[in-house]
Amino acid sequence: MKKISIFVLAVLLLAPMSINATENDETEETIEALSNDVTGTWEAIGPQEGKIYAVVIDPSNPSIIYAGGNGGVFKSTDGGEHWTASNSGMTNTTVYVLTIDPKNTSIIYAGTPEKGVFKSTNGGGNWSAINTGLANTHVTALAIDPSNTSIVYAGTNGGVLKSTNGGGSWSWLIVGSSGENTNALVIDPSDTSIIYIGVGHLGAVKSTDEGVWSWIVSGLTNANVIALAIDPSNTSIIYAGTDDGVSKSINGGDSWNTSGLINTTVTAPAVDPSKASIIYAATRGGVFESTDGG
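Now for a quick tour of the structure. (Residues numbered from 1 in each chain as written. Predicted model: local features only at pLDDT ≥ 70, side-chain atom pairs only at ≥ 80, totals over all residues. Heavy atoms only, no water.)

1. Topic: the overall build of the protein
Selection criterion: Strands are runs of DSSP state E lasting at least 2 residues, helices are runs of H or I lasting at least 4, and numbering of each runs from the N terminus. Relative accessibility thresholds used throughout: buried, under 20% of the residue-type maximum; exposed, over 50%; partly exposed, between the two (1.4 Å probe, protein chains only). Throughout, a residue-residue contact means that at least one pair of heavy atoms, one from each residue, lies within 4.5 Å. Per-residue and other accessible areas were derived by the Shrake-Rupley procedure at a 1.4 Å probe size, with only the shown protein chains allowed to occlude residues.
Within the protein, the secondary structure is distributed over two helices and 23 strands. Across the 294 residues that make up the protein, the buried fraction comes to 53%. Excluding contacts between residues fewer than 6 apart, the proportion of contacts in the protein whose partners are at least 24 apart in sequence is 42%. Here the protein displays about 12,300 Å² of accessible surface, and carbon together with sulfur accounts for 50% of that area.

2. Considerations on the packing of aromatic side chains
Worth spelling out the cut-off: A pair of aromatic rings is counted whenever rings of Phe, Tyr or Trp (Trp by its six-membered ring) have centres within 6.5 Å, and the orientation is called stacked for planes under 30 degrees apart, edge-to-face for over 60 and tilted otherwise.
Summed over the entire model, instances satisfying the criterion amount to one aromatic pair. Between the aromatic rings of Tyr 53 and Tyr 96, the centroid separation amounts to 5.3 Å while the plane-to-plane angle is 90°, which identifies the pairing as edge-to-face. With Tyr 53 in strand β1 (residues 52-57) and Tyr 96 in the loop between β4 (84-85) and β5 (97-100), the pair connects residues that are 43 residues apart, well separated along the chain. Tyr 96 gets classed as buried once you look at its relative accessible area, which sits at 14%.

3. A closer look at the sheet that holds strand β8 (residues 128-129)
Note: strands within a sheet are paired through backbone hydrogen bonds, in either parallel or antiparallel orientation. Selection rule: We call two strands paired when DSSP finds no fewer than two bridges between them.
Sheet architecture is open: four strands sit in the order β5-β6-β7-β8, paired in antiparallel fashion. Each end of this open sheet is capped by a strand with a single partner; those strands are β5 and β8. Relative to β8, strand β7 (residues 117-120) is paired through two bridges, and the arrangement is antiparallel. Looking at the pairing, Phe 118 lines up with Ala 129 of β8.

4. Remarks on the side chain of Ser 193
We count it as follows: Polar contact criterion, stated in full: a pair of N or O atoms within 3.5 Å, where within protein one must be able to donate a hydrogen and the other to accept it, and residues adjacent in sequence count only if both atoms are side-chain atoms.
Mapped onto the secondary structure, Ser 193 falls in the loop between β13 (182-187) and β14 (195-199). On the basis of relative accessibility, which here comes to 18%, the residue Ser 193 falls in the buried class. Among the polar contacts listed, one links the side chain of Ser 193 to the backbone oxygen of Thr 208, at a separation of 3.4 Å. Apart from the residues within four sequence positions on either side, Ser 193 is in contact with Ser 207, Thr 208, Asp 209 and Glu 210.

In structure tokens, the structure reads:
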């Protein structure tokens, strides 16, 4: 059986996204059925340890892949052919989200539903809980500031917290007082003071000051925003995966339009970094592709 091309896999896995674990329940039968409708086919490569909620690729070495799920964190050093548990220090912990420090890929953060945030500084060899000041330990989203990787944001089911010392301590941002579940969190790579989050019934919310004071509810309201992706070639363009498909903004979140993909739960949109008109959308029924910007 032919595997999906590594390029498409990398686009989906490197996208700045966080998948709400309750949405990620596709079965192998669904994936096999989908493979008949796309170029190439899919095959399971593991780890076979219950549900997997998060996958990230080491940007400095694409043969290194981390997966998080019901069994904790698993690591492959050969492009997914073989996997080993990478759970020292976080036994019996479910992992919802993973993110890698782009400047030092030995540093990895893991968000969990009950035990907060864990950090590894040696490529997953050992993990330590980093929850000082983390008032809510149900973590559903993580994002690292690409210009200053000591700054880390954590989305929880009570709002957003921020660390300025690599997870050494955390403090609430203003939006944290809303008590809303934060499903998605992305940072504008061209201006890291701009942050977008998907939060509860408010839809997409934007900050222009690193989340300190300024939070603006965007035009995408009354939508359950599960995941967000920014076009790296034009960061005014943002895609939102929702319970009702993909929505797109071309003006930094001021207004949104639905795309051709509707009536479908989209758990992760992703933008092709080499050709921004190509958009991928992970759904509960598999992966869809648009070649005209959605």
